[in-house]
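Each chain is listed here by its residues.
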Amino acid sequence: MAKNRDWQERGIRIGSQVFDEDETAALVREVRQRVKDPDVIAEIEDFLSGKRKTLSARTRDVLYMVAVSVVMMLRK
């Protein structure tokens, strides 16, 4: 049996990277600052509250671009 069978990641995984608490907080701050479109904000809030099961392609693209910009800022 493998030694590391009980390992657990500390943070959240987005793609192939694991973000710690500070990086996750920075990501949330950037999303709040950069997303100005009220339709996208409303869709995200509906998704998080459980009213929607999926996000539209446009909203996913916006969130992806914000996440990429934060990763580029943090991982220097």
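All chains use their own residue numbering, which begins from 1 and follows the written sequence. The model is predicted, so local features are restricted to residues of pLDDT at least 70 and side-chain atom pairs to those at 80 or more, both for listing and for counting; the totals for chains, interfaces and linings are taken over all residues. Each side-chain value is worked out from all heavy atoms of the structure, with water and hydrogens disregarded.

J.: Quick question: what am I supposed to make of the overall build of the chain here?
T.: Helix and strand counts for the chain stand at 3 helices and 2 strands. Strands here mean DSSP runs of E at least two residues long; helices mean DSSP runs of H or I at least four residues long; both are numbered from the N terminus. Reading the helices (α) and strands (β) of the chain from amino to carboxyl end gives β-β-α-α-α. In this scheme, a residue with accessible area under 20% of its type's maximum is buried, one over 50% is exposed, and one in between is partly exposed, where area comes from a 1.4 Å probe on protein chains only. Each of the 76 residues in the chain was classed as buried or not, and the buried ones make up 21%. Here the contacts in the chain between residues at least 6 apart in sequence split such that 42% fall between residues at least 24 apart. Contacts were defined at the residue level, with two residues in contact if any of their heavy atoms lie within 4.5 Å.

J.: How should helix H1 (residues 21-34) be read in this particular structure?
T.: Residue pairs three or four apart in sequence face the same way in an α-helix, which turns once every 3.6 residues. The end-to-end C-alpha distance of H1 is 20 Å, a good match for the 20 Å that 14 residues give at a rise of 1.5 Å each. Buried within H1 we find Glu 23, Thr 24, Ala 26, Leu 27 and Glu 30. The arc enclosing the buried residues of H1, seen along the axis, measures out at 160°, which places them on a common side. Facing away from the buried side of H1 by over 90 degrees, the exposed positions are Glu 21, Asp 22 and Arg 32. Measuring from the side-chain oxygen of the N-cap residue of H1 to the backbone nitrogen of Asp 22 gives 3.2 Å; that N-cap residue is Asp 20. Residue count minus one, scaled by 1.5 Å, sets the expected span of a helix. Each direction from the helix axis to a C-beta atom contributes to the arc, which is the arc of those directions. Here a polar contact is recorded for every N or O atom pair within 3.5 Å, except that within protein the pair must consist of a potential hydrogen donor and a potential acceptor, and residues adjacent in sequence are included only if both atoms are side-chain atoms.

J.: Honestly, the confidence of the model for the chain in this entry has me stumped. Any pointers?
T.: Low pLDDT means the predicted atomic positions in that stretch should not be read closely. A residue's pLDDT is simply how confident the predictor is in it, with values from 0 to 100. Summing up the model confidence of the chain, the mean pLDDT is 80 and the portion of residues at 70 or higher is 83%. Least confident of the elements in the chain is strand S1 (residues 12-14), whose mean pLDDT is 74; most confident is helix H2 (residues 38-49), at 89.

J.: What should I look at first to understand the nonpolar core in this one?
T.: Within soluble globular proteins, side chains that are nonpolar tend to cluster in buried spots. Buried residues of nine kinds, namely Ala, Val, Leu, Ile, Met, Phe, Trp, Tyr and Cys, make up a nonpolar core once their side-chain atoms join them within 4.5 Å. By size, the foremost hydrophobic cluster in this structure holds 7 residues: Leu 27, Val 35, Val 40, Ile 44, Val 66, Ala 67 and Val 70. Contributions of two or more residues to this core are made by H2 and helix H3 (57-74). No other element matches H3, which puts 3 residues into this core. With residues up to four places along the chain from it excluded, the contact list for Val 35 reads Val 40, Ile 41, Val 62 and Val 66.

J.: Would you take a moment to explain H2 for this structure?
T.: Taking 1.5 Å of rise per residue, the 12 residues of H2 would be expected to cover 16 Å, and the 16 Å separating its terminal C-alpha atoms lies within 8% of that figure. For H2, the set of buried residues is Val 40, Glu 43 and Ile 44. When H2 is viewed along its axis, its buried side chains cluster within an angular range of 100° and face the same direction. Residues of H2 that are exposed and point over 90 degrees away from its buried face: Pro 38 and Glu 45. Two or three places before Asp 39, at the start of H2, stands the capping residue Asp 37, its side-chain oxygen 2.9 Å from that residue's backbone nitrogen. Following H2 by one or two positions, Gly 50 has its phi on the positive side, about 95°.

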